[in-house]
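Listed below, chain by chain, are the residues.
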Amino acid sequence: MSQKILILGVNGFIGSALTEAIVNKTDWEVYGMDMANDKIESNLSHPRVNFVEGDITINKEWIEYHVKKCDVVLPLVAIATPALYVQDPLRVFELDFEANLEIVRQCVRYNKRVIFPSTSEVYGMCEDEAFNEETSNLVLGPIEKQRWIYSCSKQLLDRVIYAYGIHNNLNYTLFRPFNWLGPKLDNINSTKEGSSRVVTQFIADVLHKGEIKLVDGGNRRRSFTDIDDGISALLKIIENKDGCATRRIFNIGNPFNDVSIKELAELILDQIKTYPAYKEIAEKTTIINVGSEDYYGSHYQDIARRVPSIENSKKFLGWEPKVSLKDSLKKTLDYHLERRTSELD
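Now for a quick tour of the structure. Please read these numbers as outputs of a predicted model, since none were measured by experiment.

Our next topic: the overall build of the protein. The helix and strand inventory of the protein stands at 12 helices and 13 strands. Relative to the globule expectation of 20 Å for 345 residues, the C-alpha radius of gyration of the protein, 20 Å, shows essentially globular dimensions. Dimensions of the protein along its principal axes, counting C-alpha atoms only, are 55 × 45 × 40 Å. A total of 345 residues make up the protein; the buried ones form 54% of that total. Partitioning the contacts of the protein with sequence separation of at least 6, the portion at a separation of at least 24 is 76%. A total accessible area of about 15400 Å² is found for the protein, and carbon and sulfur atoms account for 47% of it. Across the protein, the mean location of the 43 positive side-chain charges is 3 Å away from that of the 50 negative side-chain charges.

Structural data, given as structure tokens:
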């Protein structure tokens, strides 16, 4: 069935990949807003893609009109860069919680389905071997560790959305991405530490500085998920065949791609060495250890490991991840390094 999909943050990593998949694999229509269009540029002329440049905190009339017009709303706008949780926590709260709460309330008012991007960070320092959407405790650190404001903002909105489902019959789905990666993830041209997520940060560090800094030795572990796997799950959630995703929470992650950050750095270096133009840079790159307080500041706190249970996704969506970390890193490097080479030429 043809649907009208409203994507706020359509030019972001997830939004741009989702738009491309909708164009190529469905007959749905996309209405999107973002503050730039470089990542969706190739789809702007498509007859089923309707884009407007704007800020969700300013263009409120446009958003309300399109919430009423569309069948499904995906509010994907958020600050999701760990350094900013510490440096600008109030901005994180104002955008990630307050701005998105307004949109959720419009979905309630106009009886529209909302698919909200929660985060793997809501589990915090949970000690479960694999995080379960229904039973795992959501454990955050003390108030002085401001890095938790992102997790707390997302978790509170999860709880608000859930409550609207119970008390106002809101049709919702919460999905929790576990370290999605792939082409168009962040920008490797920034040399500022903490300006992007870990994979692109490491790539940028190799190219610009010839060194990778491992925070606290890189012993923390994460599960990485290819963007194509993530988007395939999102398409199933949007389709919602037989109501399979209605009022459910899904971890969208790959428990088989669980590695330490140190192992990730070594994998990235090894793969960059396979690109002739960057082989020498990679071979000269050093890996050094830094303390988390020196890197992020005193208000930072980290999590030992983050592995998803994907039983809900398998049972209700019929979804499982397929792409290995090695293959996903190659796609990411192909995109960024080929673009950089052409820009330098």
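What follows picks up the thread again.
Right, let's get into the pairing of strand 2 (residues 29–34). Along strand 2, five of the six residues are buried, which leaves the element largely enclosed by surrounding structure. Bridge count between strand 1 (residues 4–8) and strand 2: five bridges; the pairing is parallel. By the bridge assignment for strand 2, Lys4 is matched with Glu29. At this point the chain moves from strand 1, through helix 1 (residues 13–25), to the parallel strand 2, and the crossover so formed is right-handed. By the bridge criterion, five bridges tie strand 2 to strand 3 (residues 49–53) in an arrangement that is parallel.

This part is about the pattern of salt bridges. Going through the model one piece at a time under the given rule, you end up with 16 salt bridges. The salt bridge involving Glu121 is made with Arg306; its shortest N-O contact spans 3.5 Å. Taken as a pair, Glu121 in the loop between strand 5 (113–117) and helix 5 (148–168) and Arg306 in the loop between helix 10 (292–296) and helix 11 (311–317) lie far apart in primary sequence, 185 residues in all. The exposure classification of Glu121 matches that of Arg306, with both residues buried. The salt bridge partner of Arg221 is Asp258, with a shortest N-O separation of 3.4 Å. One end of the pair, Arg221, is in strand 9 (residues 221–223); the other, Asp258, is in strand 12 (residues 258–260), and 37 residues separate them in sequence. Bridged by salt links that share partners, the residues Glu129, Arg221, Asp258, Glu263 and Arg305 form one connected network.

Conventions we followed
- The residue numbers shown here count from 1 along each chain, following its written sequence.
- With the structure being a predicted model, the display of local features is reserved for residues of pLDDT at least 70 and the display and counting of side-chain atom pairs for 80 or more, all residues being used for whole-chain, interface and lining totals.
- Hydrogens are left out, water is left out, and the side-chain values use all remaining heavy atoms of the structure.
- Only DSSP runs of H or I with at least four residues qualify as helices, and only runs of E with at least two residues qualify as strands; both kinds are numbered from the N terminus onward.
- A radius of gyration in this sense is built from C-alpha atoms; the matching globule rule multiplies 2.2 Å by the number of residues raised to 0.38.
- Here's how the labels work: a residue is buried when its accessible area is under 20% of the maximum for its type, exposed when over 50%, partly exposed in between, all with a 1.4 Å probe on protein chains only.
- Only heavy atoms matter for contacts: two residues are in contact if any of them lie within 4.5 Å across the pair.
- Accessible surface area values rest on a Shrake-Rupley calculation with a 1.4 Å probe, where residue burial reflects the displayed protein chains alone.
- Two residue types count as positive, namely Lys and Arg, and two as negative, namely Asp and Glu; His and chain ends fall outside the count.
- Think of each charge as sitting on NZ of Lys, CZ of Arg, CG of Asp or CD of Glu.
- Think of it this way: DSSP has to see at least two bridges between two strands before they count as a pair.
- Crossovers are marked right-handed if the path from the first strand over the helix to the second runs clockwise, as seen with the strands pointing away from the viewer.
- For this analysis, a salt bridge means a side-chain nitrogen from Lys or Arg found within 4 Å of a carboxyl oxygen belonging to Asp or Glu.

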